[in-house]
Amino acid sequence: MRSDRSQTAPLALKIAAGCGLAFLHLPILLIFVYAFTTEEKTFQWPLPGLTLQWFGITWNRPDVWQALSLSVRVAAISTVIALVLGTLCAAAVSRSRFFGRETISLLVILPIALPGIITGIALRSAFSLAEIPFSFWTIVLGHATFCVVVVYNNAVARFRRTSASLIEASYDLGADGFQTFRYCVLPNIATALLAGGMLAFALSFDEVIVTTFTAGQQQTVPIWMLEELIRPRQRPVTNVVAMVVVLVTFLPILLAYYLTRDGDQIAGTGK
Amino acid sequence: MNRLAPVAAQGHAPVMAPSSGGLRGALSDLFWRRPRFLLVLMLAPPLLWLGIVYIGSLFALLLQSFFSIDEFSGLINRQFTLKTYGDLLQAANVDIIVRTVVMAALVTLASAIIAFPIAYYAARYARGRWKALFYLAVMLPLWSSYLVKVYAWKLILAKEGILTWLLGKLHLGWLLDAWLALPYVGGSSLSVSATGTFIAFVYVWLPFMILPIQAALERVPANLVEASSDLGASPGQTFRNILLPLALPGVVAGSIFTFSLTLGDYIIPQIIGTSRLFIGMAVYAQQGTAGNIPLAAAFTVVPIVIMGFYLWGAKRLGAFDAL
């Protein structure tokens, strides 16, 4: 005998879940609306009028372009470093058991589990103790450190699904270690690495707390926005930049999702 | 065997070239004969990076919390002392710590309450396309820009913003005014009140709570809930006695994120909130304008210690299986 399995949710649950999702999404949509406002000084609602002029003004702002260029360069290099370190770490942890294996997972996750301000001030105090001046590379140093974890999470999940006998078969057929890596391991983990890399890029592109401690006078996009939020100069320009940032980060997230959706867990909870 | 023979006779060329000699071959052979050597070679770069850059910096920070600052010259005295930790216990600093911990606890509680229905619906009722859609609906806000999310609430909570307008249309403006007149939670508008800080925190960390709760609820067999109602339990009883205990590890796992992130954040209270300090802002102010790195370092030890105890408790509740 089997009890009737109810397939529809109670109304109260539907409403609560719907309201929760609306709470998550409406504020981001509101940013899109505000990018078209004609009001310059306040956040007045309803909008007094609609205009496209702020897009042109933002386009011609050199400081926005400089911040964007710095952010993209930092994110690209941090992602490359994180890809190398994260993959090595994941390969080592998943292909063998050794003393201290659990500690390595903890070590990789720590930079993101501890509040960003601790990572930030730790790096800054280390730089000042070692008398390293702030530069492009001090930003990269911080970003790469916490980006390792997303690559690592994605790569570990994929290695777990990849059968070890594939590698043995490759050796049996006469391939050497490098050939096995190139023709057997890499094609298997490529999409996971791509997804991890995209998430790392998005994470670095968006990071603000650690960056405020390691950037000195340089401005990445989030630092530029923070500066505008604390001391606003031209609010509508901030609205436009905010909208563009949302769109730019959505693409890698969606791509990463489609690359790993077959069975893998995206490393979202590890952010 | 017969069918295989002709294939072998034709002598199919191997897909890959045979192993080359020279350095590359020697290296490859070495890796195969001594897997430990390869392991060390793979682990060395990430461990050196994390060990030197991260753990090294953390120790440098910890070390500095035992230095002190000379109150007259403003120079840092590099001698071991517990004086800085004594400064941490001044009434004003204890105030900051208590305020931050209370805020973190309230934010965690509110996120759990809002997250639970979403996670439960996604885990039990959403199927196929809807499931994927729910997943993306949580992932996109989780990964979209932190500052943009904070900025969105600055827009919403502004005195001339959409929330005031909405409440006015609903003839509830008096409720907002009454709330803002209260001590502690009120202020001249929501965007400069502790309530505003709280709402922004809940919004920004909510996705971190949904995902682990959903993971925990996915593992609750649906027939347990049915058995409970078959045995005559009301939905409320089923929730209290069946669902909540089984989902608790997920809630605790999510609370690790919401709690830890709130403890260390200094940007949200700076943009949306009163001038009262939180731990993160105190750290930032001490190391920046005040130049008192030892006290800033001592302040960061507080969240580390609190999170240490929190993680220890969470581990005992089995929260790490739900991550």
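What you are looking at is a predicted structure, and each value in this text was computed from that prediction instead of being measured.

Student: Hey, could you run me through the overall build of chain B in this one?
Tutor: Helix and strand counts for chain B come out as 15 helices and 2 strands. Dimensions along the principal axes, computed over C-alpha positions, put chain B at roughly 95 × 70 × 40 Å. Counting only residues that meet the buried cut, chain B has 41% of its 323 residues in that class. Of the contacts formed within chain B by residues at least 6 apart in sequence, a portion of 71% connects residues at least 24 apart.

Student: Please clarify how the overall build of chain A should be interpreted in this entry.
Tutor: If you tally the helices and strands in chain A, you get 11 helices and 0 strands. When the helices and strands of chain A are placed in sequence order, the string is α-α-α-α-α-α-α-α-α-α-α. Projecting the C-alpha coordinates of chain A onto the three principal axes gives extents of approximately 70 × 70 × 30 Å. Every one of the 271 residues in chain A was classed for burial, and the buried ones make up 47%. Across chain A, every contact between residues at least 6 apart in sequence was considered, and the portion connecting residues at least 24 apart equals 79%.

Student: Hey, could you run me through the packing of helix 8 (residues 162–169) of chain B against helix 9 (residues 173–180) of chain B in this one?
Tutor: The geometry of a pair of packed helices is captured by two quantities: the angle between their axes and the separation between those axes. Residue and element names in this part refer to chain B. Across the interface, helix 8 lies against helix 9 with an axial gap of 7 Å and an inter-helix angle of 125 degrees. As far as their axial angle goes, helix 9 and helix 8 are oblique. Residues Thr164, Leu167 and Gly168 of helix 8 form the contact with helix 9, whose own contacting residues are Gly173, Leu175 and Leu176. Among the residues making up the contact of helix 8 with helix 9, the classes are represented as 3 nonpolar, 3 polar and no charged.

Student: Teacher, can you tell me more about the nonpolar core here?
Tutor: For soluble globular proteins, the rule of thumb is that nonpolar side chains tend to be buried together. Residues and elements named next belong to chain B. Ranked by size, the top nonpolar core spans 164 residues in total, and within it Ala115, Ala119, Val150, Trp205 and Ile213 carry the most contacts. Element by element, the count of residues in this core is highest for helix 10 (residues 194–218), at 18 residues. If sequence neighbours within four positions are ignored, Trp205 has contacts with Val107, Ser111, Phe257, Thr258, Leu261 and Thr262.

Student: Help me out: how do you make sense of the interface of chain B and chain A in this one?
Tutor: You'll often see interface size given as the accessible area lost when the parts meet. Contact with chain B, which involves 79 residues of that partner, is made by 73 residues of chain A. When residues in the side of chain B that touches chain A are grouped by element, the largest group, 16 residues, is from helix 3 (residues 35–64) of chain B. Within the side of chain B that touches chain A, the residues separate by chemical class into 59 nonpolar, 14 polar and 6 charged.

Analysis parameters
- Residues numbered from 1 in each chain as written.
- Chains lettered and ligands numbered in written order.
- Predicted model: local features only at pLDDT ≥ 70, side-chain atom pairs only at ≥ 80, totals over all residues.
- Helix = DSSP H or I, 4+ residues; strand = E, 2+ residues; numbered from the N terminus.
- Buried ≥ 20, exposed ≤ 12 C-beta atoms within 10 Å, placed from the backbone.
- Contact = placed C-beta atoms within 7 Å.
- Axes fitted to C-alpha atoms, helices over the stretch in contact; angles between N-to-C directions.
- Parallel < 35°, antiparallel > 145°, perpendicular 65-115°, else oblique.
- Nonpolar A, V, L, I, M, F, W, Y, C, P; charged D, E, K, R; others polar.
- Core = buried A, V, L, I, M, F, W, Y, C linked by C-beta atoms within 7 Å.

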